[in-house]
Amino acid sequence: MAVQVYMKEHFFTLILTRDPDEDEADKLYQAFNDGTVATVAGLPQISFHRLSDSLEAAIRSALEDVRSAGFAVGRVEIEPDSLLQAS
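All figures in this text were calculated on a predicted structure; none of them were measured in a lab. (Residues numbered from 1 in each chain as written. Predicted model: local features only at pLDDT ≥ 70, side-chain atom pairs only at ≥ 80, totals over all residues. Heavy atoms only, no water.)

Here arginine 50 shows up in strand S3 (residues 43-52). There is a polar contact of 2.7 Å between the side chain of arginine 50 and the side chain of aspartate 34. A distance of 2.8 Å separates the side chain of arginine 50 from the side chain of serine 61, its partner in a polar contact. (Helix = DSSP H or I, 4+ residues; strand = E, 2+ residues; numbered from the N terminus. Polar contact = N/O pair within 3.5 Å; in protein donor to acceptor, adjacent residues only side chain to side chain.)

Attention now moves to the sheet that holds strand S1 (residues 8-16). Within the open sheet, the 4 strands sit side by side as S2-S3-S1-S4. Their pairing is antiparallel. Across the chains shown, the open sheet's two edge strands, defined by having one partner strand only, are strand S2 (35-40) and strand S4 (73-78). This sheet shows a mean twist of 25° between the axes of neighbouring strands, independent of strand direction. In this structure, S1 lies alongside S4, joined through 5 bridges in antiparallel fashion. Directly across from isoleucine 15, in S4, lies its bridge partner arginine 75. Docked against the sheet, helix H1 (residues 22-31) engages S1, S2 and S3, running at close to 150° with respect to S2. Most of the contacts of helix H2 (residues 55-68) go to S1, to which it runs at about 45°, and overall it touches S1, S3 and S4. (Pairing = 2+ DSSP bridges. Axes fitted to C-alpha atoms, helices over the stretch in contact; angles between N-to-C directions. Contact = heavy atoms within 4.5 Å.)

Next up on the list: the pairing of S3. Across 8 bridges, the pairing between S1 and S3 is antiparallel. Paired with threonine 13 across the bridge in S3 is serine 47. Across 6 bridges, S2 lies against S3 in antiparallel orientation. Bridging from a neighbouring strand, valine 40 pairs with leucine 43 of S3.

Right, let's talk about the pattern of salt bridges for a bit. Across all of its chains, the model carries 5 salt bridges by this definition. Note that glutamate 24 is salt-bridged to arginine 18, the shortest N-O span being 3.0 Å. Look at glutamate 24 and you get partly exposed, because its relative accessible area is 21%. A salt bridge links arginine 60 to glutamate 56; the shortest N-O distance between them is 2.9 Å. A residue pair is termed a helical-turn pair when its members lie 3 or 4 positions apart in one helix, as arginine 60 and glutamate 56 do in helix H2 at 4 residues. Since its relative accessible area comes to 56%, arginine 60 is described here as exposed. (Salt bridge = Lys/Arg side-chain N within 4 Å of Asp/Glu carboxyl O. Buried < 20%, exposed > 50% of the residue type's maximum accessible area, 1.4 Å probe, protein only.)

Listed below in structure tokens is the structure:
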């Protein structure tokens, strides 16, 4: 009997350690298609809406994508509602 995995959409933000220039932003967008690169209140960030079976898996895969584009992540921000939906 096959185990069925239900994918949920998870919302979170990765705060980058530096602001990407235009070429670097293009490189980031080549690494993923479910996030938006922006600078908000002076913080370079990527807001993700990622389909995954768990919030942890969604964050891990987004971190891998961002790192593969040559960027470091300073922290992850998760909305309280996302934490409730993840349980």
